[in-house]
Amino acid sequence: MSNEKKPAIAQLLVVEDDTSLSEWMCDYLTAQGYEVTLADRGEEAVELIKVDVPDLVVLDVMLPGKDGFDVCKEVRPF
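Residues numbered from 1 in each chain as written. Predicted model: local features only at pLDDT ≥ 70, side-chain atom pairs only at ≥ 80, totals over all residues. Heavy atoms only, no water.

1. Some details on the environment of threonine 19
The test is simple: Secondary structure is summarised from DSSP: a helix means a run of H or I of at least four residues, a strand means a run of E of at least two, and numbering begins at the N terminus for each.
Secondary-structure assignment places threonine 19 in helix 1 (residues 19-31). Linking threonine 19 and aspartate 40, residues 21 residues apart in sequence, is a C-alpha distance of 7.8 Å.

Spelled out as structure tokens, the structure:
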């Protein structure tokens, strides 16, 4: 019996309003062993970042409503 710990699975958040592109990224990243959450609006991304605290956020800057730059400004303290 080994006492080795398995490495934690990285939690990624993909924020992209183009559904086909976000699904493609999700499929690819999941196949690479990452746990992926998708969001298609800036407001949704802010809430997910505050609650889930992902390891990495792939963020589109041209989003409807709150754009990617505004999302970055809002979540920077986290």
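2. Remarks on the nonpolar core
Test applied: Joining through side-chain atoms within 4.5 Å is the link that ties buried Ala, Val, Leu, Ile, Met, Phe, Trp, Tyr and Cys residues into a set, and such a set is a nonpolar core. With a 1.4 Å probe rolled over the protein chains alone, any residue whose accessible area is under 20% of its type maximum counts as buried; one over 50% counts as exposed, and the rest are partly exposed. Residues are treated as being in contact if the distance between any of their heavy atoms lies within 4.5 Å.
Ranked by size, the top nonpolar core spans nine residues in total: Leu13, Val15, Ala39, Ala45, Val46, Ile49, Leu63, Val71 and Val75. Only strand 1 (11-15), helix 2 (42-52) and helix 3 (68-75) provide two or more residues apiece to this core. With three residues, helix 2 is the largest single contributor of residues to this core. In contact with leucine 63, other than residues within four places in its own chain, are Val15, Glu16, Asp17, Asp40, Arg41, Gly42 and Gly68. Counting six residues, the second-largest nonpolar core is a separate cluster that includes Val14, Met25, Cys26 and Val36.

Shape descriptors only; they carry no functional weight alone.
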